[in-house]
Amino acid sequence: MSAAHARPRHHFDEALLIDYAAGNLPETLSILVATHLSLCPACRAAVADAEAVGGALLEALAPEALAPEALDRVLARLDDEAPEEDAPEAPGAGGLPAPLRAYLGDDLKVLDWQQLAPGVDKVPLTPLSNIPWRPEEAVCLVRLQPGAVAPRHGHTGNEVTVIVRGGLADGSGDYELGDALIVDAGVTHAPVGLPGEPCLCLVYLEAPLLPIGDDHVASI
Ligand SMILES: [Zn+2]
């Protein structure tokens, strides 16, 4: 990652960021959003705003106006809150953003990479809670070598991708460091690694993939 690298151009929408700020997202999606935030000053600012509004709202409400569990949730979240920080957290020696290091460590070489296709492999993130389907498939770090093509696939639910190194392209455009790519059921694509360093991307699947054609794999 060079210091001159552009900031992300593809973001999560505001409603999702507000849900994240309120602690309403499942762990799976939270990992994706936290990873994007670690690379995106604009969305970090939006989340800070949402948290400030939420805090002000909380102060304006008498405690009895809130459901007891809602208050507990907010208070627990305040306890957890890290000090305000403007700069993104520096990646570790292995180059992974902090939210991923919590799951994978920082040495890519020791991870249990599983090949999906020539030049394409993945490693699942575990352990995870709130998984709607197979835990071993729901959130993975996927690596595409430059020019390597992920087998064409469709989706039976949302697929959310955040680029953590290098870049990839699909029919909808190019995605580089920090960019979020969100596709829904019905979309078919075959992402390809952009030239340069290998692409590392974090992928969340809400539901299983739909294999397309003969060169399919069960999952990405
Ligand atoms: Zn953003």
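Data block above holds the structure.
Residues numbered from 1 in each chain as written. Predicted model: local features only at pLDDT ≥ 70, side-chain atom pairs only at ≥ 80, totals over all residues. Heavy atoms only, no water.

(A) Expanded view of the overall build of the protein. Counting its secondary structure elements, the protein contains six helices and 11 strands. In the protein, which comprises 220 residues, the share counted as buried stands at 44%. The contacts in the protein between residues at least 6 apart in sequence include a share of 69% that link residues at least 24 apart. For the protein, the exposed surface amounts to about 11,200 Å²; the carbon and sulfur share of it is 56%. (Helix = DSSP H or I, 4+ residues; strand = E, 2+ residues; numbered from the N terminus. Buried < 20%, exposed > 50% of the residue type's maximum accessible area, 1.4 Å probe, protein only. Contact = heavy atoms within 4.5 Å. Areas by Shrake-Rupley, 256 points an atom, 1.4 Å probe, with all protein chains shown as cover.)

(B) Main features of the pairing of strand β10 (residues 199-205). Of all seven residues making up β10, seven are buried, and the element is well covered by its neighbours. Residues of β10 alternate between two faces, with C199, C201, V203 and L205 on one and L200, L202 and Y204 on the opposite face, all of them buried. Relative to β10, strand β3 (residues 139-144) runs antiparallel, the two being bridged by six bridges. Bridging across to β10, L144 finds its partner in C199. (Pairing = 2+ DSSP bridges.)

(C) Broad picture of the environment of K122. Following the sequence through the fold, K122 ends up in strand β2 (residues 120-124). K122 sits in the buried class, given a relative accessible area of 2%. It is 9.2 Å that separates the C-alpha atoms of K122 and L200, two residues lying 78 residues apart in sequence.

(D) Examining the coordination of the zinc ion more closely. Looking at the zinc ion, the protein donor atoms are H11 (ND1), H36 (NE2), C40 (SG) and C43 (SG), and they sit 2.0 to 2.3 Å from it. Each donor residue of the zinc ion lies on the same chain, and together they follow the pattern H-x24-H-x3-C-x2-C. Like H36, the residue C43 is buried in the burial classification. (Donors = N, O, S within 2.8 Å, 3.2 Å for Na, K, Ca; no water.)

(E) Just the side chain of H189, in detail. Here H189 is to be found in the loop between β8 (180-183) and β9 (192-193). Take H189: its relative accessible area is 3%, and that puts it in the buried class. Polar side-chain contacts of H189 include one of 2.7 Å to the side chain of D170. For H189, the residues in contact, after removing those within four places along its chain, are P151, R152, H153, H155, E159, D170, L181 and V183. (Polar contact = N/O pair within 3.5 Å; in protein donor to acceptor, adjacent residues only side chain to side chain.)

(F) Structural view of the sheet that holds strand β7 (residues 173-175). Pairing is antiparallel in the open sheet, where three strands are placed in the order β7-β6-β9. Strands at the two margins of the open sheet, each flanked by one partner only, are β7 and β9. Of the pairings in the sheet, the one linking strand β6 (residues 168-170) to β9 comprises two bridges and is antiparallel in character. Residue A169 lies in a different strand from β9, and its bridge partner there is V192.

(G) Local environment of the nonpolar core. F12, L32, V33, L100, L125 and L141 are the most contacted members of the largest nonpolar core, which has 33 residues in total. For this core, the elements supplying multiple residues, two or more each, are α1 (14-21), α2 (27-39), α3 (41-60), α5 (98-104), β3, β5 (159-165) and β10. In terms of residues, this core owes the most to one element, α2, which gives six residues. Looking at which domains feed residues into this core, each of domain 1 (14-80) and domain 2 (98-211) supplies at least three. Once residues within four sequence positions are removed from consideration, L32 is found in contact with F12, V139, V160, T161, V162, L202 and Y204. One finds C140, L181, C199 and L209 within the second-largest nonpolar core, a separate group that totals 18 residues. (Core = buried A, V, L, I, M, F, W, Y, C linked by side-chain atoms within 4.5 Å. Domains from an automatic or database assignment.)

(H) Here's a closer look at the environment of C201. Here C201 is to be found in strand β10. Taking the relative accessible area as the measure of exposure, C201 reaches 2% and is therefore buried.

(I) Inspection of the pairing of β5 at higher detail. Of all the seven residues making up β5, six are buried; the element is thus mostly covered by neighbouring parts of the structure. Here β5 runs beside β8; their pairing, made up of four bridges, is antiparallel. Bridge pairing in β8 places V160 opposite I182. One ladder, built from six bridges, connects β5 with β10; its direction is antiparallel. Following the sheet pairing, T161 is matched in β10 by V203.

Scope: geometric values only; no functional claims are made or implied.
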